[in-house]
Amino acid sequence: MKPAIFVTRRLPEGAMRVLEENFNVTCNPHDRVLSREELLAGAKGADGLLPLLTDRIDGEVLEAAGPQLKIVANYAVGFNNFDLAAGTARKIPMTNTPGVLTDTTADLAMALLLAVARRVVPADVYARAGKYQGWAPLLFVGSDVHHKTLGIMGFGRIGYAMARRAAGFDMRVLYTDAQPAKPEIEREVNAKFVDKDTLLKEADFITLHVPLTPETRHYLKARDFALMKPEAYVINTARGEVINEQDLADALKAGQIGGAALDVFEHEPKIHPDLLGMENVVVLPHIASASIETRTKMGLISAENLIAVLLRGQRPPNLLNPEIYG
Ligand code: DGY
């Protein structure tokens, strides 16, 4: 008999096919996030869980699943929805989907950067509304991107991919991270390691690529916006909680910074109402990894992790809590 897995939202067909070939799949029948009760009920009796970043997986869910549960394979690279300690305490491997969404996410971060600098969204709205009466010297003038300074906060896979894109725009690149990258990497993308305040003061665009941890919660707040140039922009494709959203709205209202382009929000799916009213803010509904190729690959990576544990009795390739194997 095939092992039973619970998938908390239907994935692209290419991924569902592989899951259905290998497992007895139960899937959320609705086109919406499951309620907590539905998640607990769906997990019951599963050998494996495949949750999304919108599903909080903690001790309660692991207990509700039952003692046969052998793996939780997240459909995301970020895993702040996991209580990793709860999985580790029960010796349940927990996995994520690193690597496959790096370029897709960096592409969208660059799209946001270009959109906010060149006022793409309000200009599109204006043209569609039939307001375009002819070329004008000051019509939707924005800021240049080329030859400006890009500040990358978090120089992991996605931060590095942003630096590579910035090179194509002849940008100067500064970055922060826990430690500097290897000199050959810095040379390749012409990036300079600096402290946080230097980056805040010198960058024209600041793009966030740190994971959400207790240390990075509200990594950007009032004192940080106060250090930024008044014409600088913030781009966030990481996690909403990395920015204090009220402080960001206040800084924008006060003209302390030039604008923001956001794919993620502090209280998703809610967006701070002040941000929605601002023309110098671009908002997207958390779609940085949303290309069909990448969303399919993410599902295939989750499937690989489930197959390793449930069919082969092996350690999964994208294990987040290796200590369970001793
Ligand atoms: C992730 O994977 O963490 C993204 O936020 C969604 O793809």
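Bear in mind that the values here come from a model prediction, so they are computed numbers and not experimental data.

**Observations regarding a nonpolar patch on the surface**
Side chains of Val120, Val121 and Val125 sit close together on the surface and give an oily, nonpolar patch of about 230 Å² of accessible area. Within the element layout of this structure, valine 125 appears in helix α6 (residues 120-128).

**A look at the domain arrangement of the chain**
Accessible area lost when the parts come together is the quantity often used to give the size of an interface. Its domain assignment divides the chain into domain 1 (4-99 + 292-325) and domain 2 (102-283). Taking the mean C-alpha position of each, domain 1 and domain 2 sit 32 Å from one another. Each partner contributes residues to the interface: domain 1 has seven residues there, and domain 2 has five residues. Summed over both sides, the interface of domain 1 with domain 2 buries roughly 530 Å², with 41% coming from carbon and sulfur. The interface formed by domain 1 and domain 2 holds zero salt bridges in total. Joining domain 1 to domain 2, the criterion identifies three residue pairs in polar contact (both at pLDDT 80 or more). The residue inventory of the side of domain 1 that touches domain 2, partitioned by class, reads three nonpolar, four polar and no charged.

**Description of the pairing of strand β10 (residues 233-236)**
Here β10 shows two buried faces, one formed by Tyr233 and Ile235 and the other by Val234 and Asn236. Pairing analysis gives four bridges linking strand β9 (residues 205-208) to β10, with the strands arranged parallel. If you follow phenylalanine 205 over to β10, its bridge partner there is tyrosine 233. Of the crossover connections in this fold, the one passing from β9 over helix α10 (residues 222-227) to the parallel β10 is right-handed. Relative to strand β11 (residues 259-262), β10 is paired through four bridges, and the arrangement is parallel. Each residue of the ladder has a partner; that of valine 234, found in β11, is alanine 260. Each parallel crossover has a hand, and the one from β10 via helix α11 (residues 245-253) to β11 is right-handed.

**Considering the pairing of strand β6 (residues 149-153)**
The element β6 is largely enclosed, with a buried count of five among its five residues. Side chains Thr149, Gly151 and Met153 of β6 all project onto a buried face; the interleaved residues Leu150 and Ile152 project onto the opposite face, where all are buried too. Pairing geometry for β6 and strand β7 (residues 172-176), over five bridges, is parallel. Paired with threonine 149 across the strands is arginine 172, a residue of β7. Once the chain exits β6 it traverses helix α7 (residues 157-168) before rejoining the sheet at β7, and the crossover so formed is right-handed. Across four bridges, β6 lies against β9 in parallel orientation. The residue bridging leucine 150 from the neighbouring strand is phenylalanine 205, located in β9.

Conventions used here
Residues numbered from 1 in each chain as written. Predicted model: local features only at pLDDT ≥ 70, side-chain atom pairs only at ≥ 80, totals over all residues. Heavy atoms only, no water. Patch = residues over 30% accessible without salt bridge, like charges linked within 9 Å, V, L, I, M, F, W, Y side chains within 5 Å. Areas by Shrake-Rupley, 256 points an atom, 1.4 Å probe, with all protein chains shown as cover. Salt bridge = Lys/Arg side-chain N within 4 Å of Asp/Glu carboxyl O. Helix = DSSP H or I, 4+ residues; strand = E, 2+ residues; numbered from the N terminus. Domains from an automatic or database assignment. Contact = heavy atoms within 4.5 Å. Buried area = accessible area lost by both parts, 1.4 Å probe. Polar contact = N/O pair within 3.5 Å; in protein donor to acceptor, adjacent residues only side chain to side chain. Nonpolar A, V, L, I, M, F, W, Y, C, P; charged D, E, K, R; others polar. Buried < 20%, exposed > 50% of the residue type's maximum accessible area, 1.4 Å probe, protein only. Pairing = 2+ DSSP bridges. Right-handed = clockwise from strand over helix to strand, strands pointing away.

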